[in-house]
Amino acid sequence: MSLKKLLVASSLAFAAMGASATTLDALTGNLNIKLVGLTTETNLWAGTNESTWGIGSITQIQGVGGQNWNYGTSDGTYLYYMLYGVADQNIVANSGGTFDIYNVGATGGIGDGKIHLDVYRSNVDLLALNSNYNAAPGGRTAYDMHSLLSGFGPAYLKLEFGVGKQTLNVAGGTDPTADETLATMVQQTSGVTLPTDGKGSFFADVAGGTAASQWDTNGLFGHDLDGKFTLSVNGADLGSGTCTAAEVNNGTCFAGFINDPIRAIKVPEPASLALVGLGLAGLAGLRRRKQ
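About the criteria used
Residues numbered from 1 in each chain as written. Predicted model: local features only at pLDDT ≥ 70, side-chain atom pairs only at ≥ 80, totals over all residues. Heavy atoms only, no water. Salt bridge = Lys/Arg side-chain N within 4 Å of Asp/Glu carboxyl O. Helix = DSSP H or I, 4+ residues; strand = E, 2+ residues; numbered from the N terminus. Buried < 20%, exposed > 50% of the residue type's maximum accessible area, 1.4 Å probe, protein only. Phe/Tyr/Trp six-rings, centres within 6.5 Å; stacked < 30°, edge-to-face > 60°.

As recorded in an unreviewed UniProt entry, the chain goes by the name Ice-binding protein C-terminal domain-containing protein, listed as coming from Pseudoduganella violacea.

Q: If you had to explain the pattern of salt bridges to someone new, which residues and values would you point to?
A: Summed over the entire model, instances satisfying the criterion amount to seven salt bridges. Taking the shortest distance from any N to any O, the salt bridge between Arg 140 and Glu 50 comes out at 2.8 Å. One end of the pair, Arg 140, is in strand 9 (residues 140–142); the other, Glu 50, is in the loop between strand 1 (29–40) and strand 2 (52–63), and 90 residues separate them in sequence. An identical accessibility class is assigned to Arg 140 and Glu 50; each is buried. With a shortest N-O distance of 3.4 Å, Asp 75 and Arg 121 are connected by a salt bridge. Of this pair, Asp 75 sits in the loop between strand 3 (68–70) and strand 4 (78–93) while Arg 121 sits in strand 8 (residues 116–122); the two residues are 46 residues apart in sequence, bridging distant segments of the chain. Note on Arg 121: relative accessible area 25%, which makes it partly exposed. Three or more residues joined by partner-sharing salt bridges are found here, namely Asp 25, Asp 75 and Arg 121.

Q: Explain unusual backbone geometry to me, and be specific about the residues and the numbers.
A: Along the chain, Leu 194 connects to Pro 195 via a cis peptide bond; the corresponding omega equals 0 degrees. Counting through the fold element by element, Pro 195 comes out in the loop between strand 12 (185–189) and strand 13 (198–208). Backbone geometry places Asn 43, a non-glycine residue, at a positive phi of 55 degrees. Examined against the element boundaries, Asn 43 turns out to sit in the loop between strand 1 and strand 2. Among the residues examined, Asn 43 registers a relative accessible area of 33% and is labelled partly exposed. One non-glycine residue, Phe 221, lies in the positive phi region at around 55 degrees. Relative to the assigned elements, Phe 221 resides in the loop between helix 3 (212–215) and strand 14 (225–233).

Q: Kindly report on the packing of aromatic side chains, identifying the contributing residues and their values.
A: Applying the stated criterion to the full structure yields nine aromatic pairs. Between Tyr 84 and Tyr 143, the ring centres sit 5.2 Å apart and the planes meet at 75 degrees, which makes this aromatic pair edge-to-face. Of this pair, Tyr 84 sits in strand 4 while Tyr 143 is found in the loop between strand 9 and strand 10 (145–146), placing the two residues 59 residues apart along the sequence. For the pair Tyr 84 and Tyr 143, a shared accessibility class is recorded, and that class is buried. For the ring pair Tyr 133 and Phe 257, a centre distance of 5.4 Å and an interplane angle of 90 degrees mean the geometry is edge-to-face. Remark: Phe 257 occurs in strand 15 (residues 256–266) and Tyr 133 occurs in the loop between helix 2 (127–130) and strand 9; sequence separation between them is 124 residues. Looking at Phe 257, the relative accessible area reads 9%, which means it is buried. Joined through ring pairs, the aromatic side chains of Tyr 71, Tyr 78, Tyr 80 and Phe 152 make up one cluster.

Written as structure tokens, this is what we have:
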């Protein structure tokens with residue numbers, strides 16, 4: 001078989017991975033997800049004990065082998081998310097003036113006791129979430145929806161935070177009887193209310209979405225995603241400026257800015273697997289013809 005025929009046959013197997021390796025659907029294996037967004041303690045959902053929620057975008061996903069998805073430029077699509085249902089389980093003051101905040105899912109009303117993060121895929125560039133970060137908390141239209149995200153159709157991913165980051169129980173705090181090993185998000189902050197600085201971590205599990213089968217791998221300590229983030233005052237580096245007290249209270253400004261990476265493992269979409277299988281079958285057929 002000539003070199004030209006071999007190259008043509010090989011391209012059938014790997015075209016989906018080679019020519020479109022940076023598209024969202026083609027990303028596979030260990031991935032590092034860059035997340036940015038805004039968070040607030042206003043417009044909390046009535047009837048629940050929710051303490052915090054937020055919205056934002058996923059700006060980049062990097063993987064091994066040179067994989068690199070960038071929002072809007074790699075395949076013309078964007079990823080946005082809404083984080084909701086965060087409730088304070090216990091807040092412990094440290095001697096150095098910092099605080100450890102243990103979070104669980106909000107209950108009461110329509111709160112189901114879980115912290116949620118819904119991801120939406122769209123070809124619409126939302127400047128309020130991608131560049132100037134000036135979305136308004138007053139745009140929240142439902143427990144799980146913001147006006148900026150409405151009309152995007154079903155969620156690309158529906159994630160729920162799971163236990164595992166907090167391995168030891170602690171004493172004291174706002175609820176000395178709390179079992180912090182049940183916390184599904186843990187934060188270390190410079191204050192108990194926004195705006196503040198700090199960091200946090202969580203695990204998340206896929207609970208649904210149109211791409212659930214690609215991301216539901218349980219590859220990170222039995223979870224699907226391993227998240228770490230930083231928290232800072234909105235406007236310190238991005239946005240139109242630091243929120244004033246009046247803006248925070250009347251729901252026109254998100255007081256907090258969240259940043260930093262999430263780890264995940266993703267498998268190919270079924271269509272990509274089918275193309276690879278077809279290409280491999282072509283290689284096998286050419287080999288039989290040669291023999």
